[in-house]
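An overview of the molecular structure
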Amino acid sequence: MQSPLEDLDLGSHAADMAGSGGPCHTRRAMKLLRPAARLALDVLLPPQCFACGAEVADPARLCARCFGESDFITEPMCACCGLPFDFETEPGRICALCAAQPPIFDRARSAVRYDEPLRQTVLGFKHGDRTDMAAGLATLLWRAGRPLLADADGVVPVPLHRRRLWRRRYNQAALLSRELANRAGIGFLPDLLERRRPTRSQGGLSATARRRNVRGAFRVTDGAAARIRDARLVLVDDVYTTGATVEACARVLRRAGAASVDVLTVARVVRAGQTH
């Protein structure tokens, strides 16, 4: 059986198709050749599920098993913070916590509950140098956050302190934000906020301790206030636990004059009893 790669000389085909028509014809020829190049790449390196590595039809996708085992957050949910409800309710209902203490942000949405199999995927992305997962996780964010992104002017990642960024070498929220901004066709705004002081990890802290840990930790970067004023912004992070970090960021953006601040995270920690 003849291999799909036999006689596939992309360079010579591009030259033949471009002819002598100049750069415009060359661009048109390369556009026509992209499907063939994609086929060749898929034969050499078949797309893999970004969670478990199983072969899938398209890049940045979950396999059927991981998709079926993931607990995606859909309606019914709190219209404000996106907390999933375990019961049917009328549209626009908010949870008891948002009713008692409205958050600083306007709306928050998360793609999945912070459970397996995607919990390990998020941890690998955040701490294990698995930056290759950014496109797949951004696909989940895109599906969960399209209504928020449709109204937005730009995407803002939750910043890392420079010391942690130096140790980790990348900001996972910035990688997700860049993917989302490209898909939505809106601004990627990684330089609006900065973490002015190092904070301890939020893991293991109570809700009160988390709020105290990030209080005053963020500021608007020099010269960014004019771009924030009257802007509709989407703040992006990997996990929503108590909302302390995104609220601290949203507060700074609101004080700088943002018209609205929505929140998108890949995963949401949902504790027993929260959804009733």
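Before going into details, it helps to say that this report is about the structure given with it. Just so it is clear, the model here is predicted, and its values are computed rather than measured. (Residues numbered from 1 in each chain as written. Predicted model: local features only at pLDDT ≥ 70, side-chain atom pairs only at ≥ 80, totals over all residues. Heavy atoms only, no water.)

**So, the packing of helix α9 (residues 207-214) against helix α11 (residues 244-255)**
- Here α9 crosses α11 at 35°, and the two axes come no closer than 9 Å. Of the two possible hands of crossing, α9 and α11 adopt the one that is right-handed. Contacts from Arg210, Arg211 and Val214 in α9 reach Ala244, Thr245 and Ala248 in α11.
- Taken together, the residues of the contact of α9 with α11 sort by class into 3 nonpolar, 1 polar and 2 charged. (Axes fitted to C-alpha atoms, helices over the stretch in contact; angles between N-to-C directions. Helix = DSSP H or I, 4+ residues; strand = E, 2+ residues; numbered from the N terminus. Left-handed = near helix turned anticlockwise from the far one by under 90°. Contact = heavy atoms within 4.5 Å. Nonpolar A, V, L, I, M, F, W, Y, C, P; charged D, E, K, R; others polar.)

**Remarks on the sheet that holds strand β3 (residues 187-188)**
- Across the sheet, which stays open at both edges, the 5 strands sit in the order β1-β7-β6-β2-β3 with parallel pairing between neighbours. Two strands in the sheet have a free side with no partner beyond their single neighbour: β1 (108-113) and β3.
- Taken together, the 8 bridges between strand β6 (residues 232-240) and strand β7 (residues 260-268) define a ladder with parallel strand orientation. Note that in β7 the partner of valine 234 across the bridge is aspartate 262.
- Relative to β6, helix α8 (residues 172-184) is tilted by about 130°, and along the sheet it contacts β2 (154-157), β3, β6 and β7. (Pairing = 2+ DSSP bridges.)

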